[in-house]
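In case you want the letters, here they are:
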Amino acid sequence: MGNKGSAQSKPRKDKVNAAAKQANNQQVEDKDQALAHYREEGTDEYLTTNQGVRVNHTDDSLKAGARGPTLMEDFHFREKMTHFDHERIPERVVHARGSAAHGYFQVYEPLSELTKAGFLQDPSKQTPVFARFSTVVGSRGSADTVRDVRGFAVKFYTEEGIFDLVGNNMPVFFIQDGIKFPDLVHAIKPEPHNEMPQASAAHDTFWDFISLLPESAHMIMWVLSDRALPRSLRMMEGFGVHTFRFVNDAGKARFVKFHWKPVLGTYGMVWDECQKLAGKNPDWLRRDLWDAIEMGNYPEFELGVQIVEEENEHSFDFDLLDPTKIIPEDEVPVRIIGKMTLNRNPDNFFAETEQVAFHPGHVVAGIDFTNDPLLQGRLFSYLDTQLIRLGGPNFHELPINRPLAPVHNNQRDGYGRQTINKGRTSYTPNSLGGGCPMTAPENMGGYVHHMERVDGHKIRERSDSFKDHFSQATMFWNSLTQAEQDHLVDAGRFELGKVTTPEVQQRMVHEILNRIDHQLAVRVAKGIGVEPPAEFAGKAIDKKAPEVSMEFRTRPDSIESRRVAILAADGVNAVEVKAVQAGLQAQGAQADVIAESLGRVASGDGNGNGNSDGDGVKANETFLTVASVMYDAIYVPGGQQSAAALQQNGDALFFINEAFKHCKPIGATSEGIELLQAASMPGIQLADQKADQQTVVDKGVVTQWMTTGTGKGSQKGTKADAFLNDFVQAIGEHRHWERAEKGQVPA
Ligand code: HDE
């Protein structure tokens, strides 16, 4: 047995390193570190079988002769291959693509008047959490930037057991009753005959279903809005959707809606950008989350609650139990109660992100359900799906799902059982086991369901109070800014433009959109060749809920973790680059230098002769490795030779055009402005070299000549500061939708 490698008595350094890297995401630099890692883990540094037998050779199977057939007795080969053959588990039927992180939650003040939940009492206590963000429709390997709802699920490992808040980044849902969920999912998933399209709602079966389902009107407005295109998982809101209950120590219950508010603000992207990103970097959102945590920019979300007293249950013009409705924040303000900080990436995607099992039915004492029929449906579905997805009833024993609180019950055995239960008794009541485990009285944390009187006929019927499907859809439309409405119309034209059945398009426009807003219906109709409706078929409503607009939730004062591209070529003015780069980094942004090739870019003095900075600057990306869609803003520094070279570079020109079209902030100084002149920026005013002007800011395009025509400006330092201030402000504003001529730009 064994030939080439069999004489090795010690593992080779490179092999140890490879194995160590696999076992741990950290970069393991040398053998000593690798060995230390294994020793810490208490594992053997040598390769072993699953039975712990050390393996001597793993590159060739055991054969009868060097050119002969493989032998059955090669237990190492058979075990390795069999395990590999069984590596995959079924992906989640929805929310298959996800990214997750560890962190903690801390309440701001004791909430004993509202709830007895232990983790909401002590501001000094950190409750560990694991948060998983996901798309809904696509398969595990699909792109991040598709138009879709995002899952926002948080597992709280409280001292009193697990609480899962399994929400979305939109506060309402498509359907009012759980029994319709399989229909919804069948309609939106790729069509069954050809398995197309992947991760997209833009096809006949989905819009066929929606056009026949008026209760989805409010939700589809959210899905067609920029909420479905989050700039970052760190920059989206989360919502528990359903009305839940808080119950305090005295047994008093109140209705509660849960909200997550990202500390960085809420931002979206444009659809063209998302589609391109899906090709350029399908892991866009996943990488953004991962990198932010690696760099110490820990994502933070504040938890908020809307509280409704039980006696006010019927004081709204919608039913609190209806998951297609929000409680407008001017009717019930959101009270911020604490904060979640995500500060650690998972060690292993499969063991944690894939195997985590959320369930809206995982609640702790102090949190309870309502009769929302969608929530009630979910209470069945999640455990049921985990049983098949995670292979049996013991998935709660997987490390990521294990509660911190001790588990003690009479459930036994089953596939994959880890616990070795001791003793003879696994039944209640018993005397042989001393009566253990005993049920816990309420004052010892025993979960007691909130007592609610339920009285009614057994009936398959929807309550009349659930039947207004359009008022809040109209309110949503009314509350958007002009740019947001324009995007929504474009989204409608895109989605319905992909539908091939004219009757479905017709029905969507006339039966659904025209009951929400007439202009919306007319504008979408025009884009998809449907005869526009003559008059509005809905109820005139001018109510607004300002908070549904993403503009309401921006943080213009911060550019933290924004990505800025600095375009450079040899002869670039390194002084300008370094000043802007340092200025942006000082405010928490990331500024990459992009050039033809990686490494040093030689500097020039702005007049194209000689070096103003002998070190030059370092390019860390190239026009091949990145694209404008991967940046929030672009900066073009001065340097005659650099600007001239970039003007001959189609990729650089496209960079500018595309960023302009996507309404991103663009800054340029000195000769860098010539690149903007050569690009396509219709209607934009740029700084003029001769005029010795202040910084010129026009629709998010910020330009400034650092030097006068003679090459040296007396107020250069102040000018640089002024430019940086204006550029930072433009980045803080995120997108500059007022660029009316953007449609003319070829990008
Ligand atoms: Fe889910 N949902 N859902 N859902 N859902 C699942 O559970 C289901 C609904 C949500 O990161 C599944 O473990 C039904 C609303 C998230 O692992 C499944 C109904 C909301 C996640 C399931 C709904 C959600 C899921 C698929 C209607 C927002 C991902 C795999 C009655 C409040 C959690 C799994 C994660 C996952 C069923 C409606 C959010 C099949 C039947 C409303 C964030 O059990």
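Computed from a predicted model, the values in this text were never measured in an experiment.

Chemist: A description of the site of the ligand should follow, citing residues and the corresponding values.
Modeler: Taken together, 24 residues lie around the ligand, and Arg92, Arg132, Arg378, Tyr382 and Gln386 are the ones closest in. Looking at the shell around the ligand, the elements that each hand over two or more residues are β3 (150–158), β4 (161–168) and α10 (373–389). With 7 residues, α10 is the largest single contributor of residues to the shell around the ligand. Residue composition of the shell around the ligand, by class: 10 nonpolar, 11 polar and 3 charged.

Chemist: Tell me about the packing of helix α6 (residues 217–224) against helix α11 (residues 471–479), and please be specific about residues and values.
Modeler: Two numbers describe how α6 lies on α11: the axes approach to 7 Å, and their chain directions differ by 25°. Relative to α11, α6 is oriented roughly parallel. From α6, Ala217, His218, Met221 and Trp222 reach across to α11, where they touch Gln472, Ala473, Phe476 and Trp477. Residues belonging to the contact of α6 with α11 are distributed by class as follows: 6 nonpolar, 2 polar and no charged.

Chemist: Explain the packing of helix α12 (residues 482–497) against helix α14 (residues 518–527) residue by residue, including any values.
Modeler: Where α12 contacts α14, the axes come no closer than 9 Å and their chain directions differ by 45°. Taken together, the axis directions place α12 and α14 in an arrangement best described as oblique. Classified by chirality, the crossing of α14 by α12 is right-handed. On α14, the residues that touch Gln482, Asp486, Leu488, Val489, Gly492, Arg493 and Leu496 of α12 are Leu520, Arg523, Val524, Lys526 and Gly527. The residue makeup of the contact of α12 with α14, split by class, is 5 nonpolar, 3 polar and 4 charged.

Chemist: Can you lay out the pattern of salt bridges for me, pointing to particular residues and giving the numbers?
Modeler: Counting across every chain of the model gives 42 salt bridges. For Arg88, the salt bridge identified is with Glu87, shortest N-O distance 3.9 Å. Arg553 is the salt-bridge partner of Glu237, the closest N and O atoms lying 3.1 Å from each other. A residue pair is termed long-range when its members are at least 10 positions apart, and Glu237 in the loop between α6 and β5 (238–239) and Arg553 in the loop between α14 and β11 (563–567) qualify at 316 residues. In this structure Glu237 comes out as buried when scored by relative accessible area, which is 2%. A relative accessible area of 14% means that Arg553 is categorised as buried.

Chemist: Quick rundown of the coordination of the iron atom of the ligand? Include the residues and the values.
Modeler: For a metal with four tetrahedral donors the ideal donor-metal-donor angle is 109.5 degrees, whereas six octahedral donors ideally subtend 90 or 180 degrees. For the iron atom of the ligand, the sole protein-derived donor is Tyr382 (OH), lying 1.8 Å away. Within the secondary structure, Tyr382 sits in helix α10.

Chemist: Quick rundown of the pairing of strand β2 (residues 127–135)? Include the residues and the values.
Modeler: Counting buried positions along β2 gives 8 out of 9 residues, so the element sits mostly inside the fold. Looking at chain direction, strand β1 (residues 98–107) and β2 are connected through 8 bridges and run antiparallel. Across the sheet, Ala101 pairs through a bridge with Ala131, a residue of β2. Judged from the 7 bridges that link them, β2 and β3 form a sheet pairing that is antiparallel. Counterpart to Ala131 in the pairing with β3 is Val154.

Chemist: Can you tell me about the sheet that holds strand β18 (residues 696–698), naming the residues and giving the values?
Modeler: Spatial strand order, β15-β12-β11-β16-β17-β19-β18: 7 strands in an open sheet with mixed pairing. The sheet is open, and its two edges are formed by β15 (621–622) and β18, each paired on a single side. In the sheet, strand β12 (residues 590–595) pairs with β15 via 2 bridges, with the strands oriented parallel. Pairing of Ile594 across the sheet is with Glu621, part of β15.

Chemist: Which residues make up the state of the cysteines, and what values go with them?
Modeler: Under the defined criterion, the tally for this structure stands at 0 disulfides. Looking at Cys663, it has no disulfide partner, and the nearest cysteine sulfur is the one in Cys274, 13 Å off.

Chemist: Give a detailed account of the side chain of Arg245, specifying residues and quantitative values.
Modeler: Its location among the elements puts Arg245 in strand β6 (residues 244–247). Overall, Arg245 belongs to the buried group, its relative accessible area being 4%. Engagement of the side chain of Arg245 in a polar contact is seen with the side chain of Glu310, the distance being 3.4 Å. Residue contacts for Arg245: discarding those within four places in its chain leaves Ala253, Arg254, Phe255, Val256, Glu310, Gly366, Ile367, Asp368, Phe369, Thr370, His450 and Glu452.

Cut-offs and rules
- Residues numbered from 1 in each chain as written.
- Predicted model: local features only at pLDDT ≥ 70, side-chain atom pairs only at ≥ 80, totals over all residues.
- Heavy atoms only, no water.
- Near = heavy atom within 4 Å.
- Helix = DSSP H or I, 4+ residues; strand = E, 2+ residues; numbered from the N terminus.
- Nonpolar A, V, L, I, M, F, W, Y, C, P; charged D, E, K, R; others polar.
- Axes fitted to C-alpha atoms, helices over the stretch in contact; angles between N-to-C directions.
- Parallel < 35°, antiparallel > 145°, perpendicular 65-115°, else oblique.
- Contact = heavy atoms within 4.5 Å.
- Left-handed = near helix turned anticlockwise from the far one by under 90°.
- Salt bridge = Lys/Arg side-chain N within 4 Å of Asp/Glu carboxyl O.
- Buried < 20%, exposed > 50% of the residue type's maximum accessible area, 1.4 Å probe, protein only.
- Donors = N, O, S within 2.8 Å, 3.2 Å for Na, K, Ca; no water.
- Pairing = 2+ DSSP bridges.
- Disulfide = S-S within 2.5 Å.
- Polar contact = N/O pair within 3.5 Å; in protein donor to acceptor, adjacent residues only side chain to side chain.

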